[in-house]
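# Remarks on the overall topology
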Amino acid sequence: MLDISNSIKAQVLNDALPYIQKYHDKIVVIKYGGNAMTSEELKNAVMSDIVLLSLVGIKAVLIHGGGPEINQMLQKVGIESKFVNGLRYTDKETAEIVRMVLAGKVNKELVALLEQHNGTALGLCGSDGKMLKVRKMKGDDDLGYVGEITDVDVKPIMDALNNGYIPVVATVATDSEGQVYNINADTAASRIASALGAENLILMTDIRGLLRDKDDETSLIPEVNVSEVPFLVKQGIISGGMIPKIECCVEAVRRGVQKTCIIDGRIPHSILIEILSNEGIGTLFK
Ligand code: X2W
């Protein structure tokens, strides 16, 4: 524990005041990816940050992934994990396992952790209250039951927020025939943030943000205007797995989310640094 004097503690809190005021009553969507759920300690730090935001009057919505946990479960039952352009090939059996892991395990664990930090959380998935309408994703490759969101009904999330709950959303949904669809959590967070008219969308992952040189963590690009994105892709600075992630940021900004950022969930309390200070952390898209 860092030994800091009481006056510095008071100064830190006082410095946060303008940010608390700016975000008061505003919706902040936090996407917590499975790659950033590396230790219990980190998960606890993330949950306590979210409880703190909620207690100072910020309407925090937690959308989670859980890719590594799905991989583990598939391995246990002897199904091979297959990805096409970063999306999991999802047959009927895999879709059931994805629902079990995301909505059954990861979602309930995060809710329980928030409760342990004295937050009041409500776990939901895309099927609850018909929140996410999905159809089979179209494209060159057949990905099986990977869902594309056609509509978001924000009522279940708004009802939870207006009743003082922190909504925790697993990104699986069912179609009108009851077929389960697997939805990429970044894409879902982007669509949900837009539909909510969120002030901020934060994608928490296991990288510092967008790096000019992917092997050099000090080459972080702190801010990107979404109009520069095609140029950065052409230059190869945005490549591979970063392309779909950044597309989610661009989409959210285009659909009216003021600020979208990719931050490093491995840094303790990165959410608080991002929202309640002028430091910022990671890469901001606007
Ligand atoms: C993802 C859903 C979970 C997710 C999957 O099956 O892994 C698709 O790929 P992370 O931890 O945020 O990667 N869905 C279609 O996105 O989790």
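Calculation criteria
- Residues numbered from 1 in each chain as written.
- Predicted model: local features only at pLDDT ≥ 70, side-chain atom pairs only at ≥ 80, totals over all residues.
- Heavy atoms only, no water.
- Axes fitted to C-alpha atoms, helices over the stretch in contact; angles between N-to-C directions.
- Helix = DSSP H or I, 4+ residues; strand = E, 2+ residues; numbered from the N terminus.
- Parallel < 35°, antiparallel > 145°, perpendicular 65-115°, else oblique.
- Left-handed = near helix turned anticlockwise from the far one by under 90°.
- Contact = heavy atoms within 4.5 Å.
- Pairing = 2+ DSSP bridges.
- UniProt positions renumbered as here; feature names shortened; annotations may be inferred.
- Buried < 20%, exposed > 50% of the residue type's maximum accessible area, 1.4 Å probe, protein only.
- Polar contact = N/O pair within 3.5 Å; in protein donor to acceptor, adjacent residues only side chain to side chain.

### Regarding the packing of helix 3 (residues 67-76) against helix 4 (residues 92-116)
- Where helix 3 contacts helix 4, the two axes come as close as 10 Å, and the packing angle between them is 125°. Here helix 3 is positioned oblique relative to helix 4, judged by the angle of their axes. The interaxial crossing formed by helix 3 with helix 4 has right-handed handedness. Of the residues in helix 4, those in contact with Glu69, Ile70, Met73 and Leu74 of helix 3 are Thr94, Ile97, Val98, Met100, Val101, Leu102, Lys105, Val106 and Glu109.

### Considering the sheet that holds strand 5 (residues 121-125)
- Judged by pairing direction, the sheet is mixed, and its eight strands sit side by side in the order 5-8-2-1-11-13-14-12 without closing on themselves. With one partner strand each, in any of the chains shown, strand 5 and strand 12 (223-224) form the two edges of the open sheet.
- Bridge count for strand 2 (residues 59-64) against strand 8 (residues 166-170) is three bridges, and the pairing is parallel. Within the sheet, the bridge partner assigned to leucine 62 lies in strand 8 and is valine 168.

### Some thoughts on the UniProt feature "domain: Aspartate/glutamate/uridylate kinase" (unreviewed entry) in the protein
- Summarizing the sequence annotation, UniProt attributes the feature "domain: Aspartate/glutamate/uridylate kinase" (unreviewed entry) to residues 26-264 in the numbering used throughout.
- As annotated, residues 26-264 comprises 38% helix and 24% strand, and the C-alpha atoms at either end are separated by 23 Å.

### Focus on the UniProt feature "site: Transition state stabilizer" (unreviewed entry) in the protein
- With numbering aligned to this structure, UniProt lists the feature "site: Transition state stabilizer" (unreviewed entry) at Lys31 and Lys245. The largest pairwise C-alpha distance within this set of annotated residues, which runs over 215 residues, is 11.3 Å, so the set is compact in three dimensions.
- For lysine 31, the location among the structural elements is in strand 1 (residues 27-32).
- For lysine 31, a relative accessible area of 7% corresponds to the buried category.
- In this structure the side chain of lysine 31 is engaged in a polar contact, spanning 2.9 Å, whose partner is the side chain of aspartate 186.

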